[in-house]
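Listed below are the residues making up each chain.
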Amino acid sequence: MREVDVRHPVAGDLLGRHFTVTGLSTAFEGTVAWHLEDERGTRLQEGSFQGGSMGVYAEFSGEVTLDAAISRPMPATLVVYGDNPALPDGESPGISTNRVPVVLVPGVQGFVLHDVERGDTLSRIARDGDHGPSSVAAIVAANPGLIEDPDHIEVGWQLRVPLLS
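Residues numbered from 1 in each chain as written. Predicted model: local features only at pLDDT ≥ 70, side-chain atom pairs only at ≥ 80, totals over all residues. Heavy atoms only, no water.

Comments concerning the nonpolar core
Inclusion rule: Put simply, buried Ala, Val, Leu, Ile, Met, Phe, Trp, Tyr and Cys residues joined by side-chain atoms within 4.5 Å make one nonpolar core. For the exposure calls, accessible area comes from a 1.4 Å probe over protein chains only, and a residue counts as buried if that area is under 20% of its type's maximum, exposed if over 50%, partly exposed in between. Going along the chain from the N terminus, every DSSP run of H or I of four or more residues is numbered as a helix, and every run of E of two or more is numbered as a strand. Two residues form a contact once any of their heavy atoms are found within 4.5 Å.
In this structure, Val21, Val80 and Leu104 are the most contacted members of the largest nonpolar core, which totals 20 residues. Sorting the residues of this core by element identifies strand E1 (4-8), strand E3 (18-25), strand E4 (31-37), strand E6 (58-65), strand E7 (74-82) and strand E8 (95-104) as the ones contributing at least two each. Here this core gets 4 residues from one element, more than from any other, and that element is E7. Residues contacting Val80, with those up to four places away along its chain left out, are Val4, Val6, Val21, Val32, Ala33, Trp34, Phe60, Ser96, Thr97 and Asn98. Formed by 10 residues, the second largest nonpolar core is a distinct cluster that contains Ile125, Ala126, Leu159 and Val161.

Listed below in C-alpha cells is the structure:
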C-alpha cells in the first residue's frame, strides 16, 4: 500500500470552485501536502491536510477553494504527496506522490451528457442546453483528448457539458 493514497477526486473529474480531497495516509507528522499544476507544470495553488502519522494509516480529508485567479476552465493536475523531511524546503513533491489529472471549471454546478447529433455545434450546445447554461470553453476543457478543435465535433460523440452558475 502507498503511504499516501488519494481516493477522491479521480482522474478526469470536473472540479468546481470548492472541492474535497480524500484518501488514506501514513504521512510523516500527519502532513499530506498538495498542489495544483497547469498543463505546463506551473503551480497554481498549494496547501496541506492532516492524515495518519508514521506507521498508522488514517483517512484524510480536506476542502480546497480555488484561488480567484483561477477563473477559466482548464485541464490541471492535482498532485498529492506525503511530507519528506529529508528534502530541503521548497523541494517537493515528497513521498508517495499521486498525480491526478482533473479539469478545473470554476462555477460548475454539475454536468450533463450530450450525444452529438447532426447539425450540433458547441456554441448551440452551450447556449441551448436543456439543463442550464454552459460555455464553449467549459465544454472543450471538460472533454480533454476528445475535442481538439472547437469548430469540429462529430456525430456520435458523447460530451460532458458543464452546467455553470
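Observations regarding the sheet that holds E3
Adjacent strands of a sheet pair through backbone hydrogen bonds, lying either parallel or antiparallel. Counted only if it meets this: Paired strands are those between which DSSP finds at least two bridges. Where helices are involved, their axes are fitted lines through C-alpha atoms of the stretch in contact, as for all axes, and angles between N-to-C directions lie from 0 to 180°.
Read across the sheet, 3 strands follow the order E1-E3-E6 without closing on themselves; strand pairing throughout is antiparallel. Single-partner strands in this sheet number two, and they are E1 and E6. Shown here is a sheet whose adjacent strand axes are inclined to one another by a mean of 30°, direction ignored. Judged from the 8 bridges that link them, E3 and E6 form a sheet pairing that is antiparallel. Bridging across to E6, Ser25 finds its partner in Ala58.

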